[in-house]
Amino acid sequence: MSTSAAEHAPGRAPADGIAARARGLTKAYGSGETTVLALDSVDVDIARGRFTAVMGPSGSGKSTLMHCLAGLDTVSAGQVWLGDTEITGLKDRELTRLRRDRIGFMFQSFNLIPTLNAAENITLPMDIAGKKPDEKWLDQVIDTLGLRDRLGHRPSQLSGGQQQRVACARALASRPELIFADEPTGNLDSRAGLEVLGFLREAVDRLNQSVVMVTHDPGAAAHSDLVLFLADGRIVDEMERPTAEAVLERMKRFDVIRSQFETDEQFETDGQFERDKRFETDGQFETDEQE
Ligand SMILES: Nc1ncnc2c1ncn2[C@@H]1O[C@H](COP(=O)(O)OP(=O)(O)OP(=O)(O)O)[C@@H](O)[C@H]1O
């Protein structure tokens with residue numbers, strides 16, 4: 001995917017407040033010597049009415065950041081707010097309600113219910129919550145996503161791209177304050193992926209939604225307004241109005257650091273290997289001699 005963000009720039013609305021915020025957000029997994037510090041005192045503001053991408057090397061903490069901001073995971077230290085509501089410290093039940101009522105989710109696997117048609121899948125979270133959809137809004141979402149003539153189809157009767165559009169409509173249906181998308185194009189070919197990114201862009205530009213997307217793809221990140229770069233659990237850089245080329249260049253700098261690290265590691269491993277080989281040979285020799 002190489003569509004430049006500049007193509008999308010004219011429709012971009014300025015941020016109008018903060019959709020989510022974290023201060024000193026720290027997340028550690030495990031304990032004692034096996035502790036992994038997945039997030040290391042992260043401060044971040046997610047702007048309302050904008051499309052934010054989160055990038056970084058594998059293991060840098062992207063998914064953990066998303067999960068903590070969305071109240072899907074507890075934090076080890078620090079605070080997280082959705083709008084003006086501090087979510088750190090909420091009880092499980094309150095968190096469930098907050099996620100259901102105020103957050104939309106899109107995942108790499110579309111997570112659609114196979115026995116329900118597209119329309120039923122789109123409104124399922126609201127049906128479960130016993131809420132009536134705002135029909136005017138829903139119509140707008142369905143038309144923006146081009147799903148009008150697909151509403152009666154089950155997921156198996158839809159292409160991957162169409163299924164992800166249904167997942168996108170489901171995330172938008174309740175008009176959430178913030179949508180989290182985790183690799184939403186990961187399971188799609190590049191054309192269908194571009195389409196979904198275009199729809200997320202429209203959700204921000206035309207429907208004034210707020211989106212946070214985790215991605216590995218510089219071309220996908222180029223559809224956002226702002227890219228946050230994570231490394232080792234910290235936000236180390238950000239880029240406004242990104243292009244795929246600029247994001248790729250930035251990511252390459254992580255690769256340079258990584259390959260340098262791997263070269264050092266390889267060197268150490270090689271040294272260890274040499275020592276182990278010698279040890280084995282020595283042991284073998286002794287055994288042979290004893291026989
Ligand atoms: N449940 C867990 N238990 C232990 N360690 C975990 C757990 N989840 C994540 N980690 C560790 O936390 C760090 C950050 O993981 P995270 O999944 O957030 O990274 P990521 O940037 O999303 O990676 P990727 O791009 O590979 O999906 C990694 O070192 C990972 O191994």
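Keep in mind it's a predicted model, so treat the numbers as computed, not measured.

Trainee: Account for the environment of Gly-61, with residues named and values stated.
Mentor: Along the chain, Gly-61 turns up in the loop between strand E3 (51-55) and helix H1 (62-69). Looking at Gly-61, the relative accessible area reads 8%, which means it is buried. In the structure, Gly-61 is positioned 21 residues away from Asp-40 in sequence and 9.2 Å away in space, judged by C-alpha atoms. In this view, Gly-61 contacts Ala-38, Leu-39 and Leu-230; residues no more than four positions away in its chain are not counted.

Trainee: So what's going on with the packing of aromatic side chains? Which residues, and what values?
Mentor: Summed over the entire model, instances satisfying the criterion amount to three aromatic pairs. On the basis of an interplanar angle of 5 degrees and a centroid distance of 5.9 Å, the ring pair of Phe-105 and Phe-107 is categorised as stacked. Phe-107 gets classed as partly exposed once you look at its relative accessible area, which sits at 25%. Ring geometry for Phe-105 versus Phe-180: centroids 6.2 Å apart, planes at 25 degrees, classification stacked. Taken as a pair, Phe-105 in strand E6 (residues 103-106) and Phe-180 in strand E7 (residues 178-182) lie far apart in primary sequence, 75 residues in all. As far as burial versus exposure is concerned, Phe-105 and Phe-180 are alike and both buried. The ring of Trp-81 carries Arg-21 above its face, with NZ or CZ at 4.1 Å from the centroid. The ring of Phe-254 has Arg-250 lying over it, and the distance from NZ or CZ to the ring centre is 4.6 Å.

Trainee: Account for the packing of helix H3 (residues 118-128) against helix H5 (residues 160-173), naming residues and giving values.
Mentor: Packing of H3 against H5 leaves a shortest axis separation of 8 Å and a crossing angle of 30 degrees. What the angle tells us is that H3 and H5 run roughly parallel. The crossing of H3 and H5 is right-handed. Where H3 abuts H5, its residues Ala-118, Asn-121, Ile-122, Pro-125 and Met-126 lie against Val-166, Ala-169, Arg-170 and Ala-173. Residues belonging to the contact of H3 with H5 are distributed by class as follows: seven nonpolar, one polar and one charged.

Trainee: Residue-level account of the pairing of strand E8 (residues 211-214), with values.
Mentor: A two-sided burial pattern is seen for E8, the buried positions comprising Val-211 and Met-213 on one face and Val-212 and Val-214 on the other. In this sheet, E8 lies alongside E3 in parallel orientation, the contact comprising four bridges. Note that in E8 the partner of Val-54 across the bridge is Val-214. What joins E7 to E8 is helix H6 (residues 190-205), and the crossover it makes is right-handed.

Trainee: How would you explain the site of the ligand if you had to name every residue and give the values?
Mentor: Tyr-29, Val-36, Ala-38, Pro-57, Ser-58, Gly-59, Ser-60, Gly-61, Lys-62, Ser-63, Thr-64 and His-216 make up every residue found near the ligand. One of the side-chain N or O atoms of Ser-58 is found 2.5 Å from an oxygen atom in the ligand. Contact distances for the ligand include 3.1 Å between an oxygen atom and a backbone N or O atom of Ser-60. Every element with two or more residues in the shell around the ligand is listed here: strand E2 (36-47) and H1. Looking at which element gives the most residues to the shell around the ligand, the answer is H1, with three residues. Residue composition of the shell around the ligand, by class: four nonpolar, seven polar and one charged.

Trainee: So what's going on with the nonpolar core? Which residues, and what values?
Mentor: Formed by 46 residues in total, the largest nonpolar core has its most connected members in Ile-122, Leu-145, Met-213, Val-227, Phe-229 and Val-247. In this view, Ile-122 contacts Leu-138, Ile-142, Leu-147, Leu-151, Val-166, Ala-169, Arg-170 and Ala-173; residues no more than four positions away in its chain are not counted.

Trainee: Any details on unusual backbone geometry? Residues and values, ideally.
Mentor: Excluding glycine, residues mostly carry a negative phi; peptide bonds, for their part, are mostly trans. If you check the backbone angles, Glu-183 has positive phi at about 45 degrees while not being a glycine. Tracing the backbone shows Glu-183 in the loop between E7 and H6. With a phi close to 50 degrees, Asp-232 is a non-glycine residue in the positive phi region. With respect to the helices and strands, the residue Asp-232 is situated in the loop between strand E9 (226-231) and strand E10 (234-240).

Trainee: Any details on the side chain of Asp-182? Residues and values, ideally.
Mentor: Of note, Asp-182 is situated in strand E7. At 8.2 Å, Lys-62 is the nearest oppositely charged side chain to Asp-182, a buried residue that forms no salt bridge. Discounting residues that sit within four places of it in the chain, Asp-182 has contacts with Ser-63, Met-66, His-67, Met-106, Phe-107, Gln-108 and Val-214.

About the cut-offs
Residues numbered from 1 in each chain as written. Predicted model: local features only at pLDDT ≥ 70, side-chain atom pairs only at ≥ 80, totals over all residues. Heavy atoms only, no water. Helix = DSSP H or I, 4+ residues; strand = E, 2+ residues; numbered from the N terminus. Buried < 20%, exposed > 50% of the residue type's maximum accessible area, 1.4 Å probe, protein only. Contact = heavy atoms within 4.5 Å. Phe/Tyr/Trp six-rings, centres within 6.5 Å; stacked < 30°, edge-to-face > 60°. Lys NZ or Arg CZ within 6 Å of the ring centre and 35° of its normal. Axes fitted to C-alpha atoms, helices over the stretch in contact; angles between N-to-C directions. Parallel < 35°, antiparallel > 145°, perpendicular 65-115°, else oblique. Left-handed = near helix turned anticlockwise from the far one by under 90°. Nonpolar A, V, L, I, M, F, W, Y, C, P; charged D, E, K, R; others polar. Pairing = 2+ DSSP bridges. Right-handed = clockwise from strand over helix to strand, strands pointing away. Near = heavy atom within 4 Å. Polar contact = N/O pair within 3.5 Å; in protein donor to acceptor, adjacent residues only side chain to side chain. Core = buried A, V, L, I, M, F, W, Y, C linked by side-chain atoms within 4.5 Å. Lys, Arg positive; Asp, Glu negative; His and termini not counted. Salt bridge = Lys/Arg side-chain N within 4 Å of Asp/Glu carboxyl O.

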